[in-house]
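Understanding the architecture of this molecule
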There are 2 protein chains.
Amino acid sequence: MKGKRLPAHGRLEPAFRRLASLVPLDEAAMEALIDAASHARQFKARSQLLAEGQPLRDPLLLLKGWAARTRVMEDGRRQIIEFVLPGDVVGHGCPTMPADAVTLVALTPVSLCIAPAPSVSSQLEAAYVHGRALNEAYLFGQIARLGRMNAHERLEDLCVELFDRLDLAGLTEKNGFAMPITQEIVADALGMTPVHVNRMVQQARQTRTLSWGGGVLTLHDADAMRRRVGRPRILPACMA
Amino acid sequence: MKGKRLPAHGRLEPAFRRLASLVPLDEAAMEALIDAASHARQFKARSQLLAEGQPLRDPLLLLKGWAARTRVMEDGRRQIIEFVLPGDVVGHGCPTMPADAVTLVALTPVSLCIAPAPSVSSQLEAAYVHGRALNEAYLFGQIARLGRMNAHERLEDLCVELFDRLDLAGLTEKNGFAMPITQEIVADALGMTPVHVNRMVQQARQTRTLSWGGGVLTLHDADAMRRRVGRPRILPACMA
DNA sequence: CGATCCATTGATTCTTATCAAAATAGGTGG
DNA sequence: CCACCTATTTTGATAAGAATCAATGGATCG
């Protein structure tokens, strides 16, 4: 397969585009990705992609749709640990260590494939490393959000994180992006009740901070918001 | 150096003992650890061990004392992302990616050394992998704690986590352990105010759930507590 | 002995959860 | 295209949980 046959960067599959944003990928990497994607599997929303504590043979690459790692308590309280977006790799950590007590669920219809082995290209490996580092940073962000921000700040902070993450995959347009999840799911991520999320959304709409409707979320001033939540944009090293 | 010269398991340096709990270590690993520890550096409480975003040449191994990764907001709010305890390795992630916006600070006087390269022994490498996996699980635990538990549960959950983690390093006695940090620091970890932490501690004392005083924390029934917080004990794979 | 840090207590306010219900949107089959 | 069903969003009223403000008491350490 020749380079000519690869799609132009602007039209890349979002998941590939995100990886290529982290580290420019060579042809070997692209071919491996395209091959892996050709064996992708589809899952319905709400399907459990990975059971709690299930050991993971191969790391998975999310191609399309949104997923989340969640933890559910006995009484039903649910916490989303992290969102998994197109281009994210899950299960890089430790194949032998199923201690996580965390489940991977599809939040929307999802397309998944096995992540090509890092050995096919050093660029691909570097992209994985950077991806892991970014995801760790997002985890830290989630902790700070839950621990030290109020409801209003949490919502803004999450919106900015989602925007920045989706932007790496080319899944944003100007100041907005497709937001395929419900307020209830946002509540599960932010450690709040759906009712309160709704109130915060109302408030943000009134202050013209954001619009959210019809499955599209728009940040009216992403930079101002980023400043307000004290979160410098998290970028991979190669773009800093 | 011969095996005979190695200290008996029961008298191992806690940091080594923790690593050895994850994966039994061979002589090469032990020697590398002992050698690394001989170049350890001491730091005072509150010293900043790693500045925000500073790239990390070599991963560090904490030998003695407690540290924490923290994030501080502009207005002074502080969140402890995770505690770093003896035997924990910091900076394994991604040497090239300083996007973290997280700082490593000593909570007590601390002794640190450069973690021996995993290449010295496959057992050591495996121990690192398991250590990373455990630490990721602790991170997830922290998120669920902050997102979905009330103040009382958070305190209990953290106590159980600390107990289990210290136990791996042999730093517990029966049901208790040395607790070298203040309620204010616990508050920073639990996303609460020091005042409220204090109230929860009072309450836990009255219900004879725990004792905390004179730098020692005792869990009167760790298993019951573990059940109450719905947290199966997190163990490395080799001990499950 | 003063100074400082930490733990503790009380009074009050603010935030967020909870409960209940109405309105809206989306999807399906007729 | 409509009627209907279900999921989601929205609104209101109230209660619980945690923060805030303000002090006091107890240690410990030069």
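So, here's what we can say about the structure. (Residues numbered from 1 in each chain as written. Chains lettered and ligands numbered in written order. Predicted model: local features only at pLDDT ≥ 70, side-chain atom pairs only at ≥ 80, totals over all residues. Heavy atoms only, no water.)

When helices and strands are tallied, chain A shows 7 helices and 12 strands. Sorting the 240 residues of chain A into buried and exposed places 55% on the buried side. Across chain A, contacts joining residues at least 24 apart in sequence account for 72% of those joining residues at least 6 apart. Of the accessible surface of chain A, which amounts to about 10600 Å², a share of 52% is contributed by carbon and sulfur atoms. (Helix = DSSP H or I, 4+ residues; strand = E, 2+ residues; numbered from the N terminus. Buried < 20%, exposed > 50% of the residue type's maximum accessible area, 1.4 Å probe, protein only. Contact = heavy atoms within 4.5 Å. Areas by Shrake-Rupley, 256 points an atom, 1.4 Å probe, with all protein chains shown as cover.)

All names here are of chain A. Across the sheet, 4 strands lie side by side as 9-10-12-11; this open sheet has antiparallel pairing. The open sheet terminates on both sides in strands that have one partner only, identified here as strand 9 (172–173) and strand 11 (210–213). The sheet contact formed by strand 9 and strand 10 (residues 176–178) spans 2 bridges and is antiparallel. When the bridges of strand 10 are listed, Glu173 appears paired with Gly176. Seen against the sheet, helix 4 (residues 151–168) touches strand 9, strand 10, strand 11 and strand 12 (216–219) and runs at an angle of roughly 80 degrees to strand 10. (Pairing = 2+ DSSP bridges. Axes fitted to C-alpha atoms, helices over the stretch in contact; angles between N-to-C directions.)

With that out of the way, let us pick up the sheet that holds strand 3 (residues 60–64) of chain A. All names here are of chain A. The antiparallel open sheet is built from 4 strands, whose spatial order is 1-8-3-6. One side of each edge strand has no neighbouring strand; the edge strands of this open sheet are strand 1 (41–43) and strand 6 (89–90). Here strand 1 pairs with strand 8 (residues 110–114) via 3 bridges, running antiparallel. If you follow Phe43 over to strand 8, its bridge partner there is Val110.

To continue, consider the packing of helix 1 (residues 14–22) of chain A against helix 3 (residues 122–148) of chain A. All names here are of chain A. Where helix 1 meets helix 3, the closest approach of the two axes is 8 Å, and the angle between their N-to-C directions is 95 degrees. With respect to helix 3, the element helix 1 is oriented roughly perpendicular. Where helix 1 approaches helix 3, its residues Arg18, Leu19 and Leu22 are matched on the opposing element by Ala127, Tyr128, His130, Gly131, Leu134 and Asn135. Here the residues of the contact of helix 1 with helix 3 are counted per class, giving 5 nonpolar, 3 polar and 1 charged. (Parallel < 35°, antiparallel > 145°, perpendicular 65-115°, else oblique. Nonpolar A, V, L, I, M, F, W, Y, C, P; charged D, E, K, R; others polar.)

Attention shifts here to the environment of Leu139(B). With respect to the helices and strands, the residue Leu139(B) is situated in helix 3 (residues 122–148). Between the C-alpha atom of Leu139(B) and that of Glu82(B), which follows or precedes it by 57 residues, the distance is 6.8 Å. Residues contacting Leu139(B), with those up to four places away along its chain left out, are Leu139(A), Phe140(A), Ile143(A), Ile81(B) and Glu82(B).

Moving on: the protein's contact with DNA strand D. Taken together, 17 residues are adjacent to DNA strand D, and Gln183(A), Asn198(A), Gln202(A), Ala151(B) and His196(B) come closest. By atom count, sugar and phosphate contribute 74% of the portion of DNA strand D lying within 4 Å of the protein. Those elements giving two or more residues to the surface near DNA strand D turn out to be helix 5 (183–190) and helix 6 (194–206) of chain A together with helix 6 (194–206) of chain B. With 5 residues, helix 6 of chain A is the largest single contributor of residues to the surface near DNA strand D. Taken together, the residues of the surface near DNA strand D break down into 4 nonpolar, 8 polar and 5 charged. (Near = heavy atom within 4 Å.)

With that settled, the discussion passes to the pairing of strand 12 of chain A. All names here are of chain A. Because side chains alternate across strand 12, one face comprises the buried residues Leu217 and Leu219, and the other comprises Val216 and Thr218, none of which is buried. Of the pairings in the sheet, the one linking strand 10 to strand 12 comprises 3 bridges and is antiparallel in character. Paired with Ala178 across the two strands is Val216, which belongs to strand 12. Bridge count for strand 11 against strand 12 is 4 bridges, and the pairing is antiparallel. For Ser211, the partnering residue across the bridge sits in strand 12 and is Thr218.

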